Amino acid sequence: MSKTWRPATQLVHGGTLRSQYGETSEAIYLTQGFVYETSEAAEARFKGETDGFIYARYGSPTNDMFEKRMCALEGAEDARATASGMAAVTAAVLCQVKAGDHIVAARALFGSCRWVVETLAPKYGIECTLVDGRDLANWEKAIRPNTKVFFLESPTNPTLEVIDISGVARLANQIGAKVVVDNVFATPLFQKPLELGAHIVVYSATKHIDGQGRCLGGVVLADKAWIDENLHDYFRHTGPAMSPFNAWTLLKGIETLPLRVKQQTENAARIADFLADQNKIAKVIYPGREDHPQADIIARQMTGGSTLVAFELKGGKEAAFALQNALEIIKISNNLGDSKSLITHPATTTHKNLTEEARAELGISPGTVRLSAGIEDTEDLIEDFARALAKVSA
């Protein structure tokens, strides 16, 4: 595999293994275990003296291809594919902390991510402090002698706040802590957290990497030494492994990732501009617009906008529901990154378990709506919004 290949080529050919049959499409190795020619060969494999697979919970040829292809795209040394995005987040955070350690996390997190650090980790004696991640001073103030992990997503779900990853990484390096970045909203095409100084990157492969609403998956990427020391045994013994069938599905999805994300981003940018001109919309947040609150950071650390748009209707929840219910092409769903345009009302779905005060802190109002732009014709999507807005009471 050539390191000089550009992303679109890597995503079609990177990490490919072929059997003796020379198949064009990657093979699916639907097996739980593997056979050894001799007892001595099995012993050597288990000792790590020879390369090869032992058990599908630890790894398989199909999963290995997916992991290697993600490494090529992300610029990472090693990766582990997980059964879901949340399995990836949980593994990346918890595998490196113990009772008495401290996590600092941005408060603007997907609901389940926030639950892991705010509710689950403390059950095992791991402390957590949530901060407004937009201000580096907040990260610095939260540091304690036992701080081991900084955790953030950028852009955030659903309000598309952007956090200075390089700045957070500098603070972490000063105390020997590790930075974990959930990079789903930026995609690996528009933001490279490892190049910005982060130590670990996680994805819900369910989103853009599959991109067609077919299967769940996640992946953790980092340098090999960190994975060997922290994630390897956690992964091996707790069993969050990805199904080989899902790995194969994701390999097929990742081939078209640049094509899909390009169209989705173009659609999102056009729709954001359209919505910003509508009198029933209170505000629009999109990383590609000059009026984004962190436009200067975006210019430094992202090479593109996003496939997501956040906006707020003046009429609150009633207006948001009326808009969503009147759309014809765009479907109501809590998923994102799909080829189909999807829309959701975070306050009653993805972030409903937060208190009203916590949602207000994050900028999630009753009128907040999140759009995940698909690959449909741009004009059709804009016309769909125009028709739906006409049915929303002023």
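Analysis parameters
- Residues numbered from 1 in each chain as written.
- Predicted model: local features only at pLDDT ≥ 70, side-chain atom pairs only at ≥ 80, totals over all residues.
- Heavy atoms only, no water.
- Pairing = 2+ DSSP bridges.
- Helix = DSSP H or I, 4+ residues; strand = E, 2+ residues; numbered from the N terminus.
- UniProt positions renumbered as here; feature names shortened; annotations may be inferred.
- Contact = heavy atoms within 4.5 Å.
- Polar contact = N/O pair within 3.5 Å; in protein donor to acceptor, adjacent residues only side chain to side chain.
- Expected span 1.5 Å × (residues − 1).
- Salt bridge = Lys/Arg side-chain N within 4 Å of Asp/Glu carboxyl O.
- Axes fitted to C-alpha atoms, helices over the stretch in contact; angles between N-to-C directions.
- Buried < 20%, exposed > 50% of the residue type's maximum accessible area, 1.4 Å probe, protein only.
- Arc of directions from axis to C-beta.
- Phe/Tyr/Trp six-rings, centres within 6.5 Å; stacked < 30°, edge-to-face > 60°.
- Lys NZ or Arg CZ within 6 Å of the ring centre and 35° of its normal.
- Right-handed = clockwise from strand over helix to strand, strands pointing away.
- 1 Å grid on protein atoms, 1.4 Å probe; cavity = no way out; pocket = protein on both sides within 12 Å on 5 of 7 lines; lining within 4 Å.
- Points joined across faces, edges and corners; volume = space filled by probe spheres on them.

**Q** How should I be thinking about the sheet that holds strand 9 (residues 308–313) in this particular structure?
**A** Reading across from one edge, 8-9-12-11-10 is the order of the five strands in this open sheet, with mixed pairing throughout. Two strands bound the open sheet, and with one partner strand each, they are strand 8 (281–285) and strand 10 (331–332). Here strand 10 runs beside strand 11 (residues 342–344); their pairing, made up of two bridges, is parallel. Of the residues in strand 11, the one forming a bridge with Lys331 is Leu342.

**Q** What's the story with the UniProt feature "modified residue: N6-(pyridoxal phosphate)lysine" (unreviewed entry) in the protein in this structure? I'm lost.
**A** Following the UniProt record, one finds the feature "modified residue: N6-(pyridoxal phosphate)lysine" (unreviewed entry) at Lys207. Summarising the element assignment, Lys207 is placed in the loop between strand 6 (200–204) and strand 7 (218–222). Contact partners of Lys207, with chain neighbours within four places excluded, come to Val184, Asn335, Leu336 and Gly337. Polar side-chain contacts of Lys207 include one of 3.0 Å to the side chain of Ser204.

**Q** Could you clarify how one ought to interpret helix 10 (residues 244–255) in this entry?
**A** Helical geometry: 3.6 residues make up each α-helical turn, so side chains three or four residues apart lie on a common side. Taking 1.5 Å per residue as the helical rise, helix 10 with its 12 residues ought to reach 16 Å, and the 17 Å between its terminal C-alpha atoms agrees with that figure. Against the buried residues of helix 10 lie helix 1 (7–13), helix 3 (61–74) and helix 11 (257–276). One side-chain oxygen at the N-terminal end of helix 10 lies 3.1 Å from the backbone nitrogen of Phe245; it belongs to Ser243.

**Q** Looking at this structure, I do not really get the pattern of salt bridges. What am I missing?
**A** Side-chain pairs of opposite charge can arise whenever the charged atoms involved come near each other. Under the definition given, this model contains 22 salt bridges. In this structure, Lys252 engages Glu26 in a salt bridge whose closest nitrogen and oxygen atoms are separated by 2.9 Å. Taken as a pair, Lys252 in helix 10 and Glu26 in the loop between helix 1 and helix 2 (39–47) lie far apart in primary sequence, 226 residues in all. In this structure, the salt-bridge partner of Arg270 is Glu379, at a minimum N-O distance of 2.5 Å. Note that Arg270 is positioned in helix 11 and Glu379 in helix 15 (residues 378–390), a separation of 109 residues in sequence.

**Q** When you look at the sheet that holds strand 7 in this model, what are you seeing that I'm missing?
**A** The strands that make up a sheet pair up through hydrogen bonds in the backbone, lying either parallel or antiparallel. Read from one edge of the open sheet, seven strands run 1-7-6-5-4-2-3, paired in mixed fashion. Each edge of the sheet is formed by a strand with only one pairing partner; in this case those strands are strand 1 (78–82) and strand 3 (127–131). Neighbour to neighbour, the strand axes of the sheet diverge by 20° on average, direction disregarded. With five bridges connecting them, strand 1 and strand 7 associate as antiparallel partners. Along strand 7, the bridge assignment pairs Thr82 with Gly218. Strand contacts of helix 5 (residues 111–123): strand 2 (102–106), strand 3, strand 4 (147–153) and strand 5 (178–182), with the helix running at about 140° to strand 3, the strand carrying the most contacts.

**Q** Teacher, can you tell me more about helix 15 here?
**A** Its 13 residues place the ends of helix 15 19 Å apart at the C-alpha level, agreeing with the 18 Å of an ideal helix rising 1.5 Å per residue. Within the sequence span of helix 15, burial applies to Thr378, Leu381, Ile382, Asp384, Phe385, Ala388 and Leu389. Down the axis of helix 15, the buried side of the element spans an arc of 155°, and every buried residue falls inside it. In this structure, the buried residues of helix 15 make contact with helix 11, strand 8, strand 9, helix 13 (316–326), strand 11 and strand 12 (368–372). Regarding helix 15, its N-cap is Asp377, as a side-chain oxygen of that residue lies 2.9 Å from the backbone nitrogen of Glu379 further along.

**Q** I keep staring at the packing of aromatic side chains and nothing clicks. Help me out?
**A** Each aromatic ring pair is specified by the distance between its two centres and by the angle formed by the two planes. Evaluation of the coordinates by the stated rule reveals six aromatic pairs. Positioned above the aromatic ring of Tyr58 is the side chain of Arg236, whose terminal nitrogen or guanidinium carbon lies 4.2 Å from the ring centre.

**Q** It is not clear to me how the pairing of strand 5 should be interpreted in this structure. Could you clarify?
**A** As a general feature of sheets, a regular strand has side chains that alternate between the two faces. Burial runs high along strand 5: four of the five residues are buried. Pairing between strand 4 and strand 5: five bridges, direction parallel. When the sheet's bridge partners are listed, Phe150 is paired in strand 5 with Val179. The β-α-β motif built from strand 4, the intervening helix 7 (residues 165–175) and the parallel element strand 5 has right-handed crossover chirality. With three bridges joining them, strand 5 and strand 6 adopt parallel strand pairing. Residue Val180 lies in a different strand from strand 6, and its bridge partner there is Ile200.

**Q** Please explain empty space enclosed by the protein as it appears in this structure.
**A** Over the atoms, a rolled probe matching the size of one water molecule traces out where space is still vacant. Here the structure, examined in full by the defined rule, presents three cavities of 30 Å³ or more. Within this model, the largest cavity holds a volume of roughly 40 Å³. Along the walls of the largest cavity sit Thr159, Lys283, Ile285, Ala310, Phe311, Glu312, Gly363 and Thr368, which together make up its complete lining. Of all the secondary structure elements, the ones that give two or more residues to the lining of the largest cavity are strand 8 and strand 9.

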